[in-house]
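Listed below, chain by chain, are the residues.
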Amino acid sequence: MTAILEQIKTKVTSALIKAFGEEMKAIDPLIAGTNNPKFGDYQSNVSMSLTKKLKKNPREIAQEIINNLDITDLCETPEIAGAGFINFKLKINYLETKLRTMQKDSRLGIEKVNQPQKIIVDFSSPNIAKEMHVGHLRSTIIGDSIARVLEFKGHQVLRLNHVGDWGTQFGMLITYLKEVYPSALTTADALDIGDLVTFYKQAKQRFDQDETFKETARQAVVKLQAGDEESLKAWQLLCQQSRREFQVIYNILDIHLNERGESFYNPFLPAVIAELESQNILQEDDGAKCVFLEGFTNKEGNPLPLIVQKTDGGYNYATTDLAALNYRIKEDQASRIIYVTDSGQSNHFAQVFQVAKKAHILPEKIEVTHVPFGLVKGEDGKKLKTRSGETIKLKDLLSEAIIYAQKDLETRLKNEERNETDDFIQNIAKTVGIGAVKYADLSQNRTTDYIFSYKKMLALQGNTAPYMLYAYVRVQGISRKGNIDFENLGENAKIILKEEQELILAKHLLQLEEIINEVEKDLFPNRLCNYLFELSQKFNIFFENCPVLQSEDTVKTSRLLLCDLTAKTLKLGLSLLGIPVLERM
RNA sequence: GGAUGCGUAGCUCAGUUGGAUAGAGCAACCGCCUUCUAAGCGGUCGGUCACAGGUUCGAGUCCUGUCGCAUCCGCCA
C-alpha cells in the first residue's frame, strides 16, 4: 500500500508529462496536505511554479493538468482555487476500503522498503567508570526511537553503543587508584560504582593540578594502549562493573544495544595514521600529527588542525572516530551511519567527516549523518543539576518519574474510590513515568534545548504520554464494556463514514505512513509524536460525539473498526517511540 | 575573533521540498458527567513570527546585515 501522498504525486507527474511533455518528469508536482478542509485534503502548488517555464497563467496550467489527470479512483474531480492551487478531495468509499485494509493488516498497510539498507545507529555511549547521567538521556531515547523506526521499515540496523572505555581518563583513574585504593585494580567490585565516580573526580582534579601526576597518567594510557597485562586486567574489571550498571538502566528503558567501545578500534589506529600519511595529508605541528582543515580557523584566521596523534604518541577521539568510520564502512558494510550526540559535537563531526572524505575513507555514496540534539535544562533555564549542584544520575531521574506518576495515580484512585492491586499500581506508574520521560524528550524538536519538568511531562492534558495512553485506554474500555473481540467483527464488517468527526479521524489515520516515511528520512521523531497527539485529539472528539455501543448494528460495527484502528495506530506509533501501551489506567 | 544552532501568544513549544486566514498545550475566564474511563470535550482571551533590507506570483520558512541567547573552538571525549 503506497502512501496517498505518493500516489497523488505519481498521478500528477504523469498528467504533467501528458500535458506538457517529457521534460516534466523532473518537476516535483509539489503535493502537500491542505491546512484547511475547505481546500480538500491535498493540494498541488505546481502550477504557480511553472508559469515562467510554460509562459501561461497558473490557472490555465492547472486546468490542463486536471484535463490529463486520471485520479477518479482516489479523488473527486479536482478543483482549481486561488492563484492556481489544485485541490484534491478524497472519495469517501476510497477512504472506507483503504481503512478496512489497514485495520486487517498487522503492519497497518505500511510496506517495508524495497531495498533494505545496512544502517548503523550510534547512540547512548556512556563512559566506563562513570554513572549514566542526565547527559546520556537524550541520545539514548532519541537513538532508540530512530533505530526502531528504521527497523520497522525493514532496514538492517546495527545499534552501536560506542562507550568511552579508552583514553586519557583511564590513565588518570588507574594511576590514582594505584595510589589510594590498589585493590580496586585487582579485585572485582572492590568499589561501589558511586565511589568509583568520586575517585574519578579526584583523579581529574589531580590531573589538572599536578604535572607529575599528569605525566604518570599519560604513561599509563600508553601502557594500556600497548597492551600491558596488569593495566588490561584493571581496565577489564572496571568495564565489567560499569557494564552491569548500564544494563540496569537499559532494562528499565527497554533499550537494546550492542556494545562496541572505543577500545575496539584500538588495533586499527596506527593504520589510520599510516593511511593519512600515505595520502600526503598529514602534517606535523608542535610535535602533534594533524590534518589541516578547510573552513575552520583559529583566532588569527589560520587553518585549524584535526589532531590525530598527540605529541606523546597517544591517539585521541578523532583518530578513533576515523578508524570507526573506516571499520563501519569496510567491515560492517554500512551504507548509512547515524551519530546521535549532542549538538556541541557538530564541529567535531564536520571535521572528522571532512578528513574522512579527503582521505577516501568516506566515499560519496555512503550517507553519514550527525543527528544533533540540545541540552537538557532545569526549570530555571540552566543546565539540569541537583540542588547541591551535582549532575543528576539517570537512575535517580527515572525513579523519581515513576514515584511522581505513582503519586498522581494514587490520588486519582482515592478520588474515584477505586481499589486496585499493588501490581496494577506499580505497573502503571512505571509505564506512565518512563513513557512520560521518553515522550517529553521525543516530542520536542531535538535541535533545541529542552526544559525538563516532571510536572509538564506527566500532565494529563496536552502533548504528553499520559494523554496518548489514555486515548488508547478509552478504546479498550469500550471493548471491555461491550464484550467486543476486535479480531472477530466478521469478514464483511464495513467502515462507513458519515459524521464529520468520523471523517476527520479517518483521514488522519491514513496519514500514518507518510509520517513514518518522513521520520525514516529526516530523523525527527517529534513529527511522529505530533501525529499521535493529533490522532488522540481527533479520537477524543469522535469519542465525545459518536456513541459506539449504543448505535445500531452497522454503525456500531463501523465505529468499532475505527476505534480498533485508532488503538492499533497508537500502539504501533508509541512502540516506535519505545513506549508500551496499557489496557487500563 | 571564528563555527554552529536558536529568537513565533504571558509560559512551554509545533509549524513538512517557500503556499491560501501562523497552530497546540499550560495559565486566565465561561460552559458540559442518569450515556463506552471527565486523565475528556466545547468556548472566550491572547501574535509588528527579534529588527532592517532583499529574492518572487507568494516569506515564520530562502539570502544579506544588525541585535540578543546558547553550545563549541590544537594535543579531554
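Everything below is about the structure shown above.
Conventions adopted
Residues numbered from 1 in each chain as written. Chains lettered and ligands numbered in written order. Predicted model: local features only at pLDDT ≥ 70, side-chain atom pairs only at ≥ 80, totals over all residues. Heavy atoms only, no water. Helix = DSSP H or I, 4+ residues; strand = E, 2+ residues; numbered from the N terminus. Buried < 20%, exposed > 50% of the residue type's maximum accessible area, 1.4 Å probe, protein only. Contact = heavy atoms within 4.5 Å. Areas by Shrake-Rupley, 256 points an atom, 1.4 Å probe, with all protein chains shown as cover. Lys, Arg positive; Asp, Glu negative; His and termini not counted. Charge placed at Lys NZ, Arg CZ, Asp CG, Glu CD. Phe/Tyr/Trp six-rings, centres within 6.5 Å; stacked < 30°, edge-to-face > 60°. Pairing = 2+ DSSP bridges. Axes fitted to C-alpha atoms, helices over the stretch in contact; angles between N-to-C directions. Near = heavy atom within 4 Å. Polar contact = N/O pair within 3.5 Å; in protein donor to acceptor, adjacent residues only side chain to side chain. Salt bridge = Lys/Arg side-chain N within 4 Å of Asp/Glu carboxyl O.

Undergrad: An account of the overall build of chain A is needed here, citing residue identities and associated values.
TA: Helices and strands together make up the secondary structure of chain A, namely 21 helices and 14 strands. Buried positions account for 52% of the 585 residues belonging to chain A. Within chain A, contacts between residues at least 6 apart in sequence are counted, and of these 73% link residues at least 24 apart. Here chain A has roughly 27700 Å² of accessible surface; of this, 48% comes from carbon and sulfur atoms. Within chain A, the 79 negative side-chain charges are centred at a point lying 3 Å from the centre of the 73 positive side-chain charges.

Undergrad: How would you summarise the packing of aromatic side chains if you had to cite specific residues and measurements?
TA: Each aromatic ring pair is summarised here by two numbers: the centre-to-centre distance and the angle between the ring planes. Considering all chains together, one arrives at 18 aromatic pairs under this definition. When the ring of W166 is compared with that of W235, the centres are 5.1 Å apart and the planes differ by 75°; the resulting orientation is edge-to-face. Taken together, the residues span a long stretch of sequence, with W166 in the loop between strand 6 (156–161) and helix 7 (168–180) and W235 in helix 10 (residues 229–253) at a distance of 69 residues. The class for W166 is buried, based on a relative accessible area of 8%.

Undergrad: I'd like to hear about the sheet that holds strand 4 (residues 85–88), residue by residue, with values.
TA: If you trace the 4 strands from one edge of the open sheet to the other, you get 1-2-4-3, paired in antiparallel fashion. Looking at which strands have only one partner, the edges of the open sheet turn out to be strand 1 (31–33) and strand 3 (79–81). Shown here is a sheet whose adjacent strand axes are inclined to one another by a mean of 35°, direction ignored. For strand 2 (residues 42–44) and strand 4, the ladder comprises 3 bridges, and the chain directions are antiparallel. Within the sheet, the bridge partner assigned to S44 lies in strand 4 and is I86. Together, strand 3 and strand 4 form the strand contacts of helix 4 (residues 58–67), whose direction differs from that of strand 3 by roughly 170°.

Undergrad: Report on the side chain of S536, specifying residues and quantitative values.
TA: Within the secondary structure layout, S536 lies in helix 20 (residues 525–545). Ignoring anything within four residues of it in the chain, the contact list for S536 reads Y467, M468, A471 and L570.

Undergrad: Talk me through the protein's contact with RNA strand B; I want residue IDs and the actual numbers.
TA: Surveying the vicinity of RNA strand B reveals 70 residues, the closest of which are N35, E262, K310, R412 and Y470. In RNA strand B, the atoms that sit within 4 Å of the protein are 58% sugar and phosphate, with bases accounting for the remainder. Between Q43 and RNA strand B, the recorded distance is 3.0 Å, taken from a side-chain N or O atom to a sugar or linking oxygen. One nitrogen or oxygen atom from the side chain of R474 is found 2.3 Å from a phosphate oxygen belonging to RNA strand B. When contributions to the surface near RNA strand B are tallied by element, the ones reaching two or more residues are strand 1, strand 4, strand 9 (288–297), strand 10 (303–309), helix 14 (394–415), helix 17 (465–482) and helix 20. The leading source of residues in the surface near RNA strand B is helix 20, at 9 residues.

Undergrad: With reference to specific residues and values, describe the pattern of salt bridges.
TA: In total, this model carries 33 salt bridges according to the counting rule given. The salt bridge partner of R584 is E420, with a shortest N-O separation of 2.9 Å. Placement of the pair is R584 in the segment after helix 21 (553–576) and E420 in the loop between helix 14 and helix 15 (422–442), with a sequence separation of 164 residues. Residue classification places R584 among the partly exposed positions, given a relative accessible area of 32%. Close ionic contact of D522 with R527 constitutes a salt bridge, the shortest N to O distance being 3.6 Å. Judged by its relative accessible area of 28%, D522 falls in the partly exposed class. Looking at R527, the relative accessible area reads 33%, which means it is partly exposed. Residues joined by salt bridges that share partners form a network here, namely D144, R148, E151, R159 and D254.

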